[in-house]
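Chain by chain, the residues:
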Amino acid sequence: MVDSLGVAVVGFGWMGRVHTQAYARVPHHYPSLGLRPRLVTVAEDVPGRAEEAAAQFGFDSATRDWREVARDPRVRAVSITAPNFLHREIGVAMAEAGKHIWIEKPVGLSLADARAVADAVARAGVQGAVGFNYRNAPAVEAARELIASGELGTVTHVRVRLFSDYAAHPEGALTWRYEKERGGSGVLGDLASHGADLARFLLGDIESLTADTAVFIPERARATGATAGHARATGGEPGPVENEDYVNCLLRFASGARGVLEACRVSVGEQNNYGFEVHGTRGAVFWDFRRMNELGVSRGTTFQDQPVSTVWVGPGAGEYGAFQPGAANGMGYDDLKVIEAHRFLRSIAEGEPYGATPADAVHSAAALEAMTESAQSRSWVSVRA
């Protein structure tokens, strides 16, 4: 017997749409799951947007006030895809109302915010999931298993990169993303949060780090109306960019491995250039998000001049088998969110966490806070989650 689970989405920009579509697709890819999500209500404060979402995707109702979602007895689980400055308030309120929450990273503006949400989830006894979607790629999970198996030897160092051009145009609107009060950090929260999570997912806890940050486009025009995504704005009043465009960071892991994490939101010529390179004493593994279903793998006993082979992941690697029947059939970004939705719903059905949780968000936020402190003090800083 399949139970119906009332779900809501709070915040309906691009990510709200992605969550909604993921809920709709879960039964197609995971027919044996004992829960079927039912789209109960959508909340969005931009006039008309919630109603449009309800009409397009089939929500039973729409509202401009997320507090109505917290009070709605039909809703048992909530996707929180609102801007960063609302994560803590909404996340804590939903958990205290007894709702399971699937919240986008970075889970607030600070380590304190992430901890508050994680603590609220724990106190309420509800399940919590966090949108660290890149760890869900089957190739990434295969790389993690390869590393854990010892086949690469002792891991010596890793490089994690996250380069994008979504903020590269100087006419990009000065939205909440560029303000400390509403966006918190800049590329740290947007991209380096994923990088810190990937590094920890693959190699274990980060012990300490040293970082440098920079703002390369110091001023932008304010938006004159409602925006979604990374819209341009001309003619608006100019204002300062208050958070960083770029970060580079040296990492020391508890295992003794070393790492480099670099992220930039204004990299002209780079579109979603995300990936990692992990080196060990006997081999290496490489992953590029733009070729999401491939790994470069070097293993053997020759060490010097040891070749790298391309491996196309297939059924048996992570959740690949729920989407494609054989290796080298492509998966995409939205599939990663379907995996995330399934793990969230499975957590609710079975009463134990699967996938990234608010505790993982606390670890990522601790690394981001250490990066901020290090960039200011120009010193090595311990990472304390």
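Each value, and the rule that gives it
- Residues numbered from 1 in each chain as written.
- Predicted model: local features only at pLDDT ≥ 70, side-chain atom pairs only at ≥ 80, totals over all residues.
- Heavy atoms only, no water.
- Helix = DSSP H or I, 4+ residues; strand = E, 2+ residues; numbered from the N terminus.
- Rg over C-alpha atoms; globule rule 2.2 N^0.38 Å.
- Buried < 20%, exposed > 50% of the residue type's maximum accessible area, 1.4 Å probe, protein only.
- Contact = heavy atoms within 4.5 Å.
- Areas by Shrake-Rupley, 256 points an atom, 1.4 Å probe, with all protein chains shown as cover.
- Lys, Arg positive; Asp, Glu negative; His and termini not counted.
- Charge placed at Lys NZ, Arg CZ, Asp CG, Glu CD.
- Phe/Tyr/Trp six-rings, centres within 6.5 Å; stacked < 30°, edge-to-face > 60°.
- Pairing = 2+ DSSP bridges.
- Patch = residues over 30% accessible without salt bridge, like charges linked within 9 Å, V, L, I, M, F, W, Y side chains within 5 Å.
- Salt bridge = Lys/Arg side-chain N within 4 Å of Asp/Glu carboxyl O.
- Axes fitted to C-alpha atoms, helices over the stretch in contact; angles between N-to-C directions.

This next bit is on the overall build of the protein chain. Looking only at helices and strands, the protein chain features 10 helices and 17 strands. For 385 residues, the compact-globule estimate of 2.2 N^0.38 gives 21 Å, and the C-alpha radius of gyration of the protein chain, at 21 Å, lies within 12% of that figure. In terms of overall dimensions, the protein chain has C-alpha extents of about 65 × 55 × 40 Å along its principal axes. Evaluated residue by residue, the protein chain yields a buried proportion of 56% over its 385 residues. Considering only intrachain contacts with a sequence separation of at least 6, the fraction spanning at least 24 residues in the protein chain is 70%. In the structure as shown, the protein chain presents an accessible area of about 16,100 Å², 47% of it carried by carbon and sulfur atoms. Each charge class in the protein chain can be summarised by its mean position, and for the 38 positive and 46 negative side chains these summaries are 2 Å apart.

What follows covers the packing of aromatic side chains. The description of two aromatic rings rests on the distance between their centres and on the angle between their planes. A complete count under the given rule lists 14 aromatic pairs for this structure. Geometrically, the ring pair formed by Phe12 and Phe59 is edge-to-face, given 6.4 Å between the ring centres and 90° between the ring planes. Placement of Phe12 in the loop between strand S1 (3-10) and helix H1 (14-29) and of Phe59 in the loop between helix H2 (49-57) and strand S3 (61-63) is noted, with a sequence separation of 47 residues between them. As far as burial versus exposure is concerned, Phe12 and Phe59 are alike and both buried. Ring geometry for Tyr30 against Phe323: centres 6.2 Å apart, planes inclined by 80°, an arrangement best described as edge-to-face.

Glancing now at the pairing of strand S7 (residues 155-163). Remark: a regular strand shows side chains that alternate across the two faces of the sheet. Pairing analysis gives 8 bridges linking S7 to strand S13 (residues 273-280), with the strands arranged antiparallel. Residue pairing across strands places His157 opposite His279, the latter belonging to S13. By the bridge criterion, 7 bridges tie S7 to strand S12 (residues 258-264) in an arrangement that is parallel. Across the sheet, the residue bridging to Val158 is Gly259, located in S12.

Quick look at the side chain of Gln127 now. Its place among the elements puts Gln127 in the loop between helix H5 (111-124) and strand S6 (128-130). Since its relative accessible area comes to 11%, Gln127 is described here as buried. Not counting the four nearest positions on each side in its chain, Gln127 is found in contact with His100, Ile101, Val121, Phe344, Ser347, Ile348, Gly351, Glu352 and Pro353.

Turning our eyes to something else, we now look at a nonpolar patch on the surface. A cluster of nonpolar side chains, Leu250, Val260 and Trp380, forms an exposed patch at the surface whose accessible area comes to about 240 Å². Along the chain, Leu250 falls in strand S11 (residues 246-253). Since its relative accessible area comes to 41%, Leu250 is described here as partly exposed.

On the basis of which strands lie adjacent, the open sheet formed by 9 strands has the order S16-S15-S14-S13-S7-S12-S11-S8-S17 and mixed pairing. At either end of the open sheet lies a strand with only one pairing partner, and these are strand S16 (309-312) and strand S17 (381-382). Two elements, strand S15 (residues 294-299) and S16, share 4 bridges in a ladder whose sense is antiparallel. Considered in S16, the bridge of Glu294 is made with Trp312. The sheet contacts of helix H8 (residues 187-203) involve S7, strand S8 (206-214), S11, S12 and S13, and relative to S12 the element is tilted by about 155°. Along the sheet, helix H10 (residues 358-377) contacts S8, S11, S12 and S17; its crossing angle with S8, the most-contacted strand, is approximately 55°.

The 6 strands lie next to each other as S3-S2-S1-S4-S5-S6, forming an open sheet whose pairing is parallel. A single partner strand is all that each edge strand has here, and the edge strands are S3 and S6. Each strand axis lies, on average, 25° off the axis of its neighbour in the sheet, ignoring direction. Where strand S2 (residues 35-43) and S3 come together, 3 bridges link them in parallel fashion. In the strand pairing of S3, Thr41 is matched with Ser61.

Below, the discussion takes up the pattern of salt bridges. A complete count under the given rule lists 25 salt bridges for this structure. Glu96 serves as the salt-bridge partner of Arg123, at 3.7 Å between the closest nitrogen and oxygen. Linking Arg123 in helix H5 with Glu96 in helix H4 (residues 87-96), this pair joins segments that are 27 residues apart in sequence. As far as burial versus exposure is concerned, Arg123 and Glu96 are alike and both exposed. Notably, a salt bridge pairs Asp288 with Arg161, separated by 3.4 Å at the nearest N-O pair. Here Asp288, found in strand S14 (residues 283-288), pairs with Arg161, found in strand S7; they are 127 residues apart in sequence, far enough to count as distant. Considered together, Asp288 and Arg161 belong to a single accessibility category, that of buried residues.

These figures capture arrangement, not role.
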